[in-house]
Amino acid sequence: MYKLFLFILRFHFVFLFLGLQTLCFVVIFNYNNYHRSYFINTSNFISGHTLNAASRFWSYLNLVEVNENLSNENANLQMQVQNNQGYSNSVVSNPNFGDDSTNLNNLIPAKVINNSIGNQHNYFTLNKGSNHGITPDMGVIAPSGLVGIVKQVSRNFSTVVSILNTRIKIGGRIGENEFTGTVIWKGHDSRKLNLETIPVHADVRVGSNVVTSGYSSIFPENILIGEITSVKEIPGSAFYEIELTLSTNMQSLNYVYVTDFILKTEKDNLESESYAD
Amino acid sequence: MLTKVLRSNLIRFLGLLFFQVIILNEIHVHVPIIPYFYVLFIILMPFGISPALSLILAFALGLSVDMFSNTGAIHAAAAVLVAFVRPYTLKAMKPVMGYEDLVRPGMRKLGFSWFVMYSALLIILHHFALYFLEVFTFTEVLFTLSRIMGSSLITLFLVLIFEFLFQSKNN
């Protein structure tokens, strides 16, 4: 026993090294499991408040861009309001009549206090949390389109999986022709996404928009994701290689909305019931 | 003397942590590259530090960076690895006169090329471990290697600038 003690004491440097590395690897392997609430994330008390304070400083630097985005968004909304006034008199002429699934959303506005785009698994942090009604798995959209999915929530902050995360997959649909596929990020360029599993018999044009398909209960349908910038046919493959340019500039993410899909529970329950059969 | 070393290391620990998570992590370019300058803390730890303490400090710094960047514990793992390798590197690179009257590794007494070699070695090791732990795959090795080279070069550049600006008389 004494010899064992001496042995450990003599090589305590190596043992400590191995011990700490084991600890790190346990955290690394478990980190990817969703909803495992570790304190090692940006929505904890210390990181949240520090990043919040730092973002106040950073936000002064891009006030011009923020103002521009907000006024653009305002103009768009004004236009929508004016267009809708014509419809309000006659229900029949509303093309969306009967399809009210897109309207059943609450939007919770939030500010991005920390954003990474330099990793392969990028996340960003919002200054709102469970106190403001945010729960995991809610969708996050910017005025110009989809940006991520909420992962972890503390009382005042939440961590969001960015669309620039190679582990994220989002159901996308080509706006014009209703073909659906999977939108992924390949990890190379923060402006480009890929749309996969679109069969070669589909008519795909450069310049068409890709929107959310609405097949999952995270995002409502028809949220803009990006615009197709290149379409390639790979010899021997039944699918196109489609590249899109993100509609949102992820470099300067400022104000976003968290979508609270009101019928989420109902949809999830219905689907799990029908899968059980 | 001891309190002075303690103080300068404490300032370096906190200063580098906040510089990393508030400034470097927030500089956004389109290619996925971030320089991890905080590794300078491990590079400049004093010669007299106990090896066990150096591991614990590296672990604490790495885990703090992880806490601010949602990366699991990959920074902690890479930092601990560098702190583990450092004593052996110092031993292997020992100059003829040894490190006798020096407090920490520095450019002034040990020379520019010694310091570049020493810090480049630790930086590349750190970034190599870090980026491979991040992607956790050997597909696209060339892409990962180019990310490692790119960010290591920027980090080395920052380390050299720091050393030029803050070199003290007894290093």
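### With respect to the overall build of chain B
- When you go through chain B residue by residue, the secondary structure sums to seven helices and zero strands.
- Traced from its N-terminal end to its C-terminal end, chain B shows the element sequence α-α-α-α-α-α-α.
- Here the C-alpha radius of gyration of chain B, 16 Å, is about what a compact globule of 171 residues would show, namely 16 Å.
- Counting only C-alpha atoms and orienting by the principal axes, one finds that chain B spans roughly 45 × 30 × 30 Å.
- Out of the 171 residues in chain B, the part that is buried amounts to 37%.
- Restricting the contact set of chain B to residue pairs at least 6 apart, pairs at least 24 apart contribute 70%.

### A closer look at the overall build of chain A
- Looking only at helices and strands, one finds five helices and twelve strands in chain A.
- Here the contacts in chain A between residues at least 6 apart in sequence split such that 59% fall between residues at least 24 apart.

### Here's the deal with the environment of Leu-130 of chain B
All names here are of chain B.
- In this structure, Leu-130 sits in helix H6 (residues 112-135).
- Looking at Leu-130, the number of C-beta atoms within 10 Å reads 24, which means it is buried.
- Residues Leu-130 and Phe-19 lie 111 residues apart in sequence; the distance between their C-alpha atoms is 18 Å.
- Other than its neighbours up to four places away in sequence, Leu-130 contacts Tyr-36, Ile-74, His-75 and Ala-78.

### Some points on the packing of H6 of chain B against helix H7 (residues 141-166) of chain B
Residue and element names in this part refer to chain B.
- Orientation of H6 relative to H7, taken along the N-to-C sense of each, is 140°, at an axis distance of 9 Å. It follows that H6 is oblique to H7 by the angle criterion. The element H6 and its partner H7 pack so that their crossing is right-handed. Mapping the contact onto sequence places Phe-115, Ser-119, Ala-120, Ile-123, Ile-124, His-127, Phe-128, Tyr-131, Phe-132 and Val-135 in H6 and Thr-144, Arg-147, Ile-148, Ser-151, Ser-152, Thr-155, Leu-156, Val-159 and Glu-163 in H7.
- Classifying every residue of the contact of H6 with H7 by side-chain character gives eleven nonpolar, six polar and two charged.

### Here's the deal with the interface of chain A and chain B
- Of the residues lining the interface, 31 residues belong to chain A; the matching set on chain B comes to 29 residues.
- Put simply, the parts of the chain that give the side of chain A that touches chain B at least two residues each are helix H2 (12-31) and helix H3 (45-61) of chain A.
- When residues in the side of chain A that touches chain B are grouped by element, the largest group, eleven residues, is from H2 of chain A.
- Within the side of chain A that touches chain B, the residues separate by chemical class into 15 nonpolar, 14 polar and two charged.

### Let's talk about unusual backbone geometry
- One non-glycine residue, Asn-222 of chain A, lies in positive phi territory at about 70°.
- Relative to the elements of secondary structure, Asn-222 of chain A occurs in the loop between strand E9 (209-212) and strand E10 (224-233).

### Concerning the environment of Asp-137 of chain A
Residue and element names in this part refer to chain A.
- Of note, Asp-137 is situated in the loop between strand E2 (121-126) and strand E3 (139-142).
- Spatially, the C-alpha atom of Asp-137 lies 28 Å from that of Asn-76, the residues being 61 residues apart in sequence.
- Those residues in contact with Asp-137, other than ones at most four positions away along the chain, are Ile-149, Val-150 and Ile-218.

Cut-offs used in this document
Residues numbered from 1 in each chain as written. Chains lettered and ligands numbered in written order. Predicted model: local features only at pLDDT ≥ 70, side-chain atom pairs only at ≥ 80, totals over all residues. Helix = DSSP H or I, 4+ residues; strand = E, 2+ residues; numbered from the N terminus. Rg over C-alpha atoms; globule rule 2.2 N^0.38 Å. Buried ≥ 20, exposed ≤ 12 C-beta atoms within 10 Å, placed from the backbone. Contact = placed C-beta atoms within 7 Å. Axes fitted to C-alpha atoms, helices over the stretch in contact; angles between N-to-C directions. Parallel < 35°, antiparallel > 145°, perpendicular 65-115°, else oblique. Left-handed = near helix turned anticlockwise from the far one by under 90°. Nonpolar A, V, L, I, M, F, W, Y, C, P; charged D, E, K, R; others polar.

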